[in-house]
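# Structure assessment
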Amino acid sequence: MNNIVRKTFKEIDLQDSFFQSLRDDYHGFDDWFKGKSDQDAFVQYENNKIIGFLYLKLEDQLVDDVEPNIIANKILKVGTFKIDAHGTKMGEQFIKIIMDYAIKENVDVCYVTIYDKHRSLVALVQQFGFEQYGVKGNGKYKENVYLKQMKRLTGDINKDFPFVDTGVTKKYLLGIYPKYHSVMFPDSILTTENKNIVTDVSYTNSIHKIYVCTMEQVENLKYGDIVVLYRTAEHGRSAEYTAVATSICVVECVKRQSEFSCFEEFYEYVCKYSVFDKDDLRKWYNRGGCKAIKMTYNVALKKRIVRHDLIEEIGLERNQYWGFFELTNEQFNKIAMKGDATKTLCEKK
């Protein structure tokens, strides 16, 4: 998770200037913070200063300090959530942590309370399916409550994140070279890789990803289609046990090079969500035929599946082109089962 670390409250410097706005907004914040000394929070640092903070709390059956009350078997409260945004999409990485935690704990709903003045944070949570639900407190301490119903699909892939609608969509395998794979999809990094290659940049932090290639077949991808990412073998090594399926993404759109009036317009579109160097992109653009696949990064497979097992156990064809091809529903379901990723798969009712 980049430079986001999990720490107990007592390990975190309460005097960091980052907490001053929380101290201003919440009466008794310091006492509350000290009372959580042995509990965990997620903290992001830059130059040894805090730039992001997240505290999560599980609650059972009833939350009665908001109006209307929240009633569900298992509830996840986003207790404290603040980021000092600086253009690197770090907020999306915190959303991913919230959703990963919610999936792990199998919660029914998640909620967060936010003051009206924090418009960018409101926009962020609403983008990923938190809907305005009610209020908490009154007067100058009145906050709006935003709630996300887990496993309720809307048909909007952002609002439905991290869930993947497996209903009528097509499924594909997409090959990605190792040099691009692990900085673009950090939760899917292999245990044998150097984790220092992951840094605080947009394409690392973001839930959205843009992958650029020239394969003609990717134009078949449609909104909502599912892509299994396949990290190809290291140069000079056999693919049988080093090439591996790592992740599941959902397609938002595919744009052809011809849809852009010039290279700069193309680059402006892909640069915030793509790992590729500008000079490489310019070289490929000049050759022609570029396609930019925008997708959400939904699931890192808990158990990565090597090429040998994809062939022998899942039933993929050994001699086909492994850059891009369609999977059958049966093959995809086997990959999800073997990769321990079924908790995020569901169908819209």
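A brief look at the structure comes next. Residue positions are given per chain, counting from 1 as you read along its sequence in written order. Whole-chain, interface and lining totals are the exception, using all residues; otherwise, since this is a predicted model, local features are given only for residues with pLDDT of at least 70 and side-chain atom pairs are given and counted only at 80 or more. Only hydrogens and water are set aside when side-chain values are computed; all heavy atoms of the structure are taken into account.

### Re the pairing of strand β11 (residues 226-231)
- In this scheme, a residue with accessible area under 20% of its type's maximum is buried, one over 50% is exposed, and one in between is partly exposed, where area comes from a 1.4 Å probe on protein chains only. Secondary structure elements follow DSSP: runs of H or I of four or more residues count as helices, runs of E of two or more count as strands, with numbering from the N terminus. The element β11 is extensively covered by neighbouring structure, given that six of its six residues are classed as buried.
- What you see with β11 is no split at all: Ile226, Val228 and Tyr230 on one side and Val227, Leu229 and Arg231 on the other are buried throughout.
- Following DSSP output, two strands are said to pair if at least two bridges run between them. In this structure, strand β9 (residues 171-176) lies alongside β11, joined through six bridges in parallel fashion. Among the inter-strand pairings, isoleucine 176 is bridged to a residue of β11, identified as arginine 231.
- Pairing of β11 with strand β12 (residues 244-256), which is carried by six bridges, proceeds in the antiparallel orientation. Looking across to β12, one finds that isoleucine 226 is bridged to valine 250.

### Thoughts on the pairing of strand β13 (residues 291-306)
- Counting buried residues in β13 gives twelve out of 16 residues, a clear majority hidden from the surface.
- Two elements, strand β10 (residues 208-213) and β13, share six bridges in a ladder whose sense is antiparallel. Along β13, the bridge assignment pairs lysine 209 with methionine 295.
- Pairing between β12 and β13: eleven bridges, direction antiparallel.

### Overview of the pattern of salt bridges
- Definition used for salt bridges: Asp or Glu carboxyl oxygen within 4 Å of a side-chain nitrogen of Lys or Arg. Per the stated rule, a full pass over the model turns up 22 salt bridges.
- Aspartate 30 is paired through a salt bridge with arginine 23; the nearest N and O atoms lie 2.7 Å apart.
- The class for arginine 23 is partly exposed, based on a relative accessible area of 22%.
- A salt bridge links lysine 74 to glutamate 105; the nearest nitrogen and oxygen atoms lie 3.5 Å apart. Separated by 31 residues along the polypeptide, lysine 74 in strand β4 (residues 70-83) and glutamate 105 in helix α3 (residues 90-105) bring together distant segments of the chain.
- Its relative accessible area of 18% is what places glutamate 105 among the buried residues.
- The network of salt bridges with shared partners includes Lys74, Lys104 and Glu105.

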